Amino acid sequence: MMEPPVLAFALWIFAFLSVPAAGYPNGKVREACSSMMPCHGHSPQPSPEHSISVNETKFRPGDHIKVSLSGPVFEGFFIQARNAENLAGPAVGFFMLAEERISQLLTCGLVKNSAVSHTSKSKKTHVEAYWVAPTDAPKHVQFLATVVEKYKIFWVKIPGPIISQPNAPPLTTSTSITPETLPTSQPVFHLTTSFNASGCGITKFCVRNPSKCDPGAAYCFFLSFFKQNNHSVLIEMSGPSEGYIAFALSHDQWMGDDDAYLCINEDHHININTAYLSGRTPPVLDSENGLEDMSWRVADGLLQCSFRRNLSLPAYKGRFNLDANYYIFLADGEASEGGLIHKHHHQPLITNGMYNVTDSPKDVVGSRSPLLLKLHASLMFVAWMTTVSIGVIVARFFKPVWPHSLFGKEIWFQVHRMLMLTTVLLTSIAFVLPFIYRGGWSEWAGFHPYLGCTVMALAIFQPLMAGFRPPPHAPRRQVFNWVHWSTGTTARILAVVTMFLGMDLPALNLPDPWDTYTMIGFVGWHVSIDILLEIHSYCLIRKVEVIDEDRIQILQSLTSAEAEASCYLVKKSTYCEILSNTNCEMCIFFLQGHTFKEIMLTIYICGNIAFLITFLAAIHQL
């Protein structure tokens, strides 16, 4: 049967070899059902290069019409059928797939499978689908298509052929349409100098990270609002990014239902866009944004942009009124070819309170890690790196070293119990903090909260079980010892795995991969000290066994802990007067072993605290 220390080490190894995986779907474009306009923040091309064809020009309800889209190489597409006499109306009929590998069905409005779109960005020159005429089909139906060649090159509502029911009256309404284009956008100018923070807190509202940093510095994230008159605000945004920087106005501290503004670097040219964040999904860039006096600059590793907007933009959906209180988010990330943005590098900077940026000027800071989550992580590190680890070592190796009685119990037991109860208390406090912060369960933290709940349950179960432990020589004591040890070991392993997962969550904002390597270092440190003390205990007993064969009888009647304790309770001089030289020499060996253990415990505590301070300093950015 595997001994507890060996089994523990095996479980540690198993825990670190488990890694989850995840994937993401593609091609869902239901947001474009009505306008058929890709939310790419660019204007569509004016002259279509692709065409739509059908295999029939007449149809009856229930007929299947083959619809084909072809032309130069393209990546994405979106096909609908509409009433030819009301092209602004909803889609009619539904589609069936001809090529499931490259196309998929979408539901627009109340009509299921009423549109066809791509499944991936794979190159294609021809796609087909079958349109099924509904029983309430209009007399005349026209097919429309949007085609995306690249992210910023696309055509919207390319007109296709018109098909009609038999004996339908001639189509009298003009159906001649042209692909949609956007109004001419506002001109964008180039900034000649960097921003400055001279008016922060005096004439303009500023958000800076780090506090009081210069927006011209390579490490400074900067956002300012200057109320020019009673109708508009000049906004300046700057940060060290080669992809994009963005800020958002929010009614709470969670991403979703926010008014966002993005400056995206595309081939050293900055596109300034607005977007409405509907949740933890990529932002949907607006086709029109209502921004004026747009300027930008890319230099010295900094991306800077400025623009002006009115306090109120009722004509633009998703634009908040600036004359109100909001939390302010500031984020940055990468942008790929065509201006497609990716998830921000780390947790966005979030102001600690709600502010009205048009009210009295202020110079505020924010945090990339909320205070409650910092406290949660700090308490968990103290509990599962320090108090529980020291408590386990004391119970495992210091029973014979500290056998004196203190308040009716041995010293080692009192120290062990105090440390373990402290662990349970700290864990309980830390456990509720994320729920207070989130206002409930977080669906975006992966396995971390599930494992955390398991650790919390085991931590509470341990002292409850300890309260029912049998007497030392009771028949069930051995069973209790194994259950108590296995529950505690499982809790410690799961706690470390949970900390590994928690350290990678964006909300904690720990430097990666530094945090992972440091935690691996701590685990190695703890396991090394544990193994060293195990080897020392084994060698100590072996050394005493070979002193004299007579010692075998004593070893058979006493455990190693009892033998050590018996020597510790009597001074060496007195003990050697009443025992044979062999037994006296045995006690000297044990007493020397006590000193070694106490030295190792001191070294372990110092190393443990060093790891703990390192993590606490990183969490609180000291």
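Focus on the overall build of the protein
Reasoning step 1: Secondary structure assignment for the protein yields 10 helices and 26 strands.
Reasoning step 2: The proportion of buried residues among the 622 residues of the protein is 48%.
Reasoning step 3: Within the protein, counting contacts between residues at least 6 apart in sequence, those at least 24 apart form 65% of the total.
Reasoning step 4: Just so you have it, the protein exposes about 31100 Å², and 59% of that area is on carbon and sulfur atoms.

Concerning the nonpolar core
Soluble globular proteins tend to bury their nonpolar side chains together.
Reasoning step 1: Core analysis: the largest hydrophobic core is formed by 47 residues, its most contacted members being F381, W384, I393, F398 and M519.
Reasoning step 2: By residue number, the principal contributor to this core is helix 2 (residues 371–397), which donates 12 residues.
Reasoning step 3: Setting aside residues up to four positions removed in sequence, M519 forms contacts with F381, M385, M499, F500, M503 and F615.
Reasoning step 4: Counting residues in each nonpolar core, the second largest holds 30 residues, with F205, V233, F247 and F320 among its members.

Quick look at the packing of helix 3 (residues 411–438) against helix 4 (residues 448–466)
Reasoning step 1: Packing of helix 3 against helix 4 leaves a shortest axis separation of 10 Å and a crossing angle of 145 degrees. Here the hand of the crossing between helix 3 and helix 4 comes out left-handed. Where helix 3 approaches helix 4, its residues L421, V424, T427, S428 and F431 are matched on the opposing element by G452, C453, M456, A459 and P463.
Reasoning step 2: In terms of residue class, the contact of helix 3 with helix 4 is built from seven nonpolar, three polar and no charged.

Points about the sheet that holds strand 2 (residues 64–74)
Reasoning step 1: Taking strand neighbours across the sheet as the criterion, the four strands line up as 1-2-7-4 in an open arrangement whose pairing is antiparallel. Both edges of this open sheet fall to strand 1 (51–54) and strand 4 (94–97), since each of them pairs with a single strand only. Across the sheet, the axes of successive neighbouring strands diverge by a mean angle of 30 degrees, strand direction being ignored.
Reasoning step 2: Where strand 4 and strand 7 (residues 124–132) come together, four bridges link them in antiparallel fashion.

Quick notes on the state of the cysteines
Reasoning step 1: Applying the stated rule across the entire model yields three disulfides.
Reasoning step 2: Covalent S-S linkage joins C200 and C206, the inter-sulfur distance amounting to 2.1 Å. Its S-S torsion of approximately -80 degrees makes the covalent link between C200 and C206 left-handed.
Reasoning step 3: For C206, a relative accessible area of 0% gives the class buried.

Considerations on the side chain of R309
Reasoning step 1: Among the secondary structure elements, R309 is positioned in strand 19 (residues 302–310).
Reasoning step 2: A polar side-chain atom of R309 sits 3.1 Å from the main-chain carbonyl oxygen of L311.
Reasoning step 3: Beyond its immediate chain neighbours, meaning those up to four positions away, R309 contacts H231, S232, V233, I235, D259, Y261, L291, R319, F320 and L322.

Comments concerning the pattern of salt bridges
Reasoning step 1: Throughout the structure, instances matching the rule amount to 10 salt bridges.
Reasoning step 2: For D259, the salt bridge is made with R319, and the minimal N-O distance between the two is 2.7 Å. Of the two residues, D259 is situated in strand 15 (residues 258–266) and R319 in the loop between strand 19 and strand 20 (327–335); the sequence distance between them amounts to 60 residues. In this pair, the class of D259 matches that of R319, namely buried.
Reasoning step 3: A salt bridge links R308 to E292, with the nearest nitrogen and oxygen atoms 2.6 Å apart. Here R308, found in strand 19, pairs with E292, found in strand 18 (residues 292–299); they are 16 residues apart in sequence, far enough to count as distant.

Side note on the packing of helix 2 against helix 3
Reasoning step 1: Closest axis-to-axis distance for the helix 2/helix 3 pair is 8 Å, and the angle between their directions is 160 degrees. Taken together, the axis directions place helix 2 and helix 3 in an arrangement best described as roughly antiparallel. In the crossing of helix 2 with helix 3, the sense of the turn from one axis to the other is left-handed.
Reasoning step 2: Among the residues making up the contact of helix 2 with helix 3, the classes are represented as 25 nonpolar, seven polar and no charged.

Let's talk about the sheet that holds strand 5 (residues 103–108)
Reasoning step 1: Overall, antiparallel pairing links the five strands, which are arranged 5-6-3-8-9 in an open sheet. For this open sheet the edge positions go to strand 5 and strand 9 (153–164), each flanked by a neighbour on one side alone. Strand-to-strand, the axes of this sheet are offset by a mean angle of 30 degrees, without reference to chain direction.
Reasoning step 2: In terms of strand pairing, strand 5 meets strand 6 (residues 111–118) through five bridges, oriented antiparallel. Bridge pairing in strand 6 places S103 opposite H118.

Description of the packing of aromatic side chains
Reasoning step 1: Here the structure, examined in full by the defined rule, presents 20 aromatic pairs.
Reasoning step 2: The structure contains a cluster of three or more aromatic residues connected by ring pairs, namely F205, F225, F247, Y261, F307 and Y355.
Reasoning step 3: The ring of Y261 is capped by R319, whose NZ or CZ atom sits 5.6 Å from the centre of that ring.

Remarks on unusual backbone geometry
Peptide bonds are mostly trans, and most non-glycine residues show a negative phi.
Reasoning step 1: With an omega of 0 degrees, the peptide bond between N209 and P210 qualifies as cis.
Reasoning step 2: Here P210 shows up in the loop between strand 11 (205–209) and strand 12 (221–227).
Reasoning step 3: In this structure, D300 is a non-glycine residue whose phi angle is positive, near 55 degrees.

A short note on the confidence of the model for the protein
Close inspection of predicted coordinates is inappropriate for parts of the model with low pLDDT.
Reasoning step 1: Looking at the protein, pLDDT values average 82 and 83% of them are 70 or higher.
Reasoning step 2: The least confident element of the protein, judged by mean pLDDT, is helix 1 (residues 4–16) at 39; the most confident is strand 1 at 95.
Reasoning step 3: Ignoring residues within four places in sequence, the model shows residues 1–27, a span with pLDDT below 50, making 32 contacts including any to other chains.

Considering the environment of P370
Reasoning step 1: With respect to the element layout, P370 can be found in the loop between strand 24 (366–367) and helix 2.
Reasoning step 2: Since its relative accessible area comes to 12%, P370 is described here as buried.
Reasoning step 3: Every residue in contact with P370, bar those within four places of it in the chain, is listed here: Y437 and A507.

Re the pairing of strand 8 (residues 140–150)
Here is the key point about a regular strand: its side chains alternate between the two faces of the sheet.
Reasoning step 1: Of all the 11 residues making up strand 8, nine are buried; the element is thus mostly covered by neighbouring parts of the structure.
Reasoning step 2: Bridge count for strand 8 against strand 9 is eight bridges, and the pairing is antiparallel. Bridge pairing links V147 to W155 in strand 9.
Reasoning step 3: Between strand 8 and strand 9, which follow one another and run antiparallel, lie two residues.

Comments concerning the side chain of S378
Reasoning step 1: When you line up the elements, S378 lands in helix 2.
Reasoning step 2: Judged by its relative accessible area of 8%, S378 is buried.
Reasoning step 3: Looking at S378, its side chain comes within polar contact range of the main-chain oxygen of K374, at 2.8 Å.
Reasoning step 4: Apart from residues no more than four positions distant in its own chain, S378 is found in contact with L616, I619 and H620.

About the thresholds
Residues numbered from 1 in each chain as written. Predicted model: local features only at pLDDT ≥ 70, side-chain atom pairs only at ≥ 80, totals over all residues. Heavy atoms only, no water. Helix = DSSP H or I, 4+ residues; strand = E, 2+ residues; numbered from the N terminus. Buried < 20%, exposed > 50% of the residue type's maximum accessible area, 1.4 Å probe, protein only. Contact = heavy atoms within 4.5 Å. Areas by Shrake-Rupley, 256 points an atom, 1.4 Å probe, with all protein chains shown as cover. Core = buried A, V, L, I, M, F, W, Y, C linked by side-chain atoms within 4.5 Å. Axes fitted to C-alpha atoms, helices over the stretch in contact; angles between N-to-C directions. Left-handed = near helix turned anticlockwise from the far one by under 90°. Nonpolar A, V, L, I, M, F, W, Y, C, P; charged D, E, K, R; others polar. Pairing = 2+ DSSP bridges. Disulfide = S-S within 2.5 Å. Polar contact = N/O pair within 3.5 Å; in protein donor to acceptor, adjacent residues only side chain to side chain. Salt bridge = Lys/Arg side-chain N within 4 Å of Asp/Glu carboxyl O. Parallel < 35°, antiparallel > 145°, perpendicular 65-115°, else oblique. Phe/Tyr/Trp six-rings, centres within 6.5 Å; stacked < 30°, edge-to-face > 60°. Lys NZ or Arg CZ within 6 Å of the ring centre and 35° of its normal. pLDDT = per-residue confidence, 0-100.

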